[in-house]
Amino acid sequence: MRSLRFYKMSGSGNDFVFLDGREHRLDEWPAARIAEVCDRRRGVGADGIVLVDREQGGGIRMVYYNADGSHAAMCGNAALCTTRLAVYLGLADPTRIELATDAGILESRCVGPGWAAELRFPTAEIPIPVDFLLQPGEQAAFQGTIGVPHTVILVTDVGAIDVETRGRQLRFDPVFGPEGSNINFIGPDRGTDADWCLRTYERGVEGETLACGTGTVAAALAFAGKGLCQLPVRIRSGSGSVYSVMGRLAAGGATDVWLCGEGRLVFTGELTEGWG
């Protein structure tokens, strides 16, 4: 019986099923099959599924689908994992990778002997204040796009937020249009090695995930733009892993923005042909 080989990756607690594009074509997978593979009881279990392949000219292509089978142009944690997996599979040089995503071409690289990786955004918009009715404990809100749309909400106590309920409420708010937004709650991370702590309600997963790379970048740039922090800044994810974000603020946006996080290979496995 033939089988489907896959790679299970973790980016700071967000997990993904990766397929090698030399062996498989993800565009032949219907949304229902993607959702079945990502199901945590009847499938492998993942926040999304990713195809990694070599581009003509030596770059690496990343194609990403959410756990519900919907396509997303970008996922920061998946990009960090793609960086590490591309090197593991012998597809790329660890010192510099041209990473093609559906949100544009980025640069990435491996950091050190472990599983750390860095992702560079040549330019990025600084999220701007957005107006909707804040609840007690919510102090300010910002909206911007870092590959995908993100709403950043400054809160007094991030640990006290009901991310599932409040996140779902805001994810579908009409102010964000028909596609909605990822919702990121961020508050001070006192007494630790990070400056802030961030928790995310992720569209497409439709629940709280343990980390969000592009949401972390959005929060860092929103706060830096408002003078609430300086870059570089360290932000802890819901999993406890710490990201760092550095960059330079410029008129109308930010330049040379780097996100550093984890892209760890957890295990490899096989699905039998005809599964799902």
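Keep in mind that what you see is a predicted model, and the values were worked out from it rather than measured.

Section: the pairing of strand β11 (residues 148-155)
Burial within β11 is extensive, with eight of its eight residues counted as buried. The turn joining strand β10 (residues 138-146) and β11, which pair antiparallel and follow one another in sequence, is formed by one residue; a positive phi near 80° is taken by G147. The handedness of the β11 to strand β12 (residues 182-188) crossover, carried by helix α3 (residues 163-171), is right-handed.

What about the pattern of salt bridges?
Per the counting criterion, the structure on display carries 22 salt bridges. A salt bridge links R120 to E107; its shortest N-O distance comes to 3.7 Å. One end of the pair, R120, is in strand β8 (residues 116-124); the other, E107, is in strand β7 (residues 104-111), with 13 residues separating them in the sequence. Connected via shared salt-bridge partners are R96, E107, R120, R248 and D256.

Looking at the nonpolar core
F18, F121 and F223 are the most contacted members of the largest nonpolar core, which has 54 residues in total. Looking at this core, the element that brings in the most residues is helix α4 (residues 213-225), giving eight residues. Residues contacting F18, with those up to four places away along its chain left out, are F6, Y7, M9, V50, V52, A78, C81, T82 and L85. Among the nonpolar cores identified, the runner-up in size contains 17 residues, and L26, I49, L51 and L271 belong to it.

Quick word on the pairing of strand β4 (residues 60-66)
It is a general feature of regular strands that their side chains alternate between the two faces of the sheet. When you tally the buried positions in β4, you get six out of seven residues, the bulk of the element. Here seven bridges tie strand β3 (residues 48-54) to β4, and the two strands are oriented antiparallel to one another. Following the sheet pairing, V52 is matched in β4 by M62. Between β3 and β4, which pair antiparallel in sequence order, lie five residues; one of them, G57, sits at a positive phi of approximately 100°. Pairing of β4 with strand β6 (residues 97-101), which is carried by two bridges, proceeds in the parallel orientation. Opposite R61, over in β6, you have A100 as the bridge partner.

A closer look at unusual backbone geometry
A cis amide bond links L231 to the next residue, P232, at an omega of 5°. Backbone geometry at S12 places phi at a positive 55°, although glycine is not the residue there. Counting through the fold element by element, S12 comes out in the loop between β1 (3-11) and β2 (14-20). Residues other than glycine seldom take positive phi values, yet E206 does so here, at roughly 60°. As for its placement among the helices and strands, E206 is situated in the loop between β13 (196-202) and β14 (207-209).

Basis of the calculations
Residues numbered from 1 in each chain as written. Predicted model: local features only at pLDDT ≥ 70, side-chain atom pairs only at ≥ 80, totals over all residues. Heavy atoms only, no water. Buried < 20%, exposed > 50% of the residue type's maximum accessible area, 1.4 Å probe, protein only. Helix = DSSP H or I, 4+ residues; strand = E, 2+ residues; numbered from the N terminus. Pairing = 2+ DSSP bridges. Right-handed = clockwise from strand over helix to strand, strands pointing away. Salt bridge = Lys/Arg side-chain N within 4 Å of Asp/Glu carboxyl O. Core = buried A, V, L, I, M, F, W, Y, C linked by side-chain atoms within 4.5 Å. Contact = heavy atoms within 4.5 Å.

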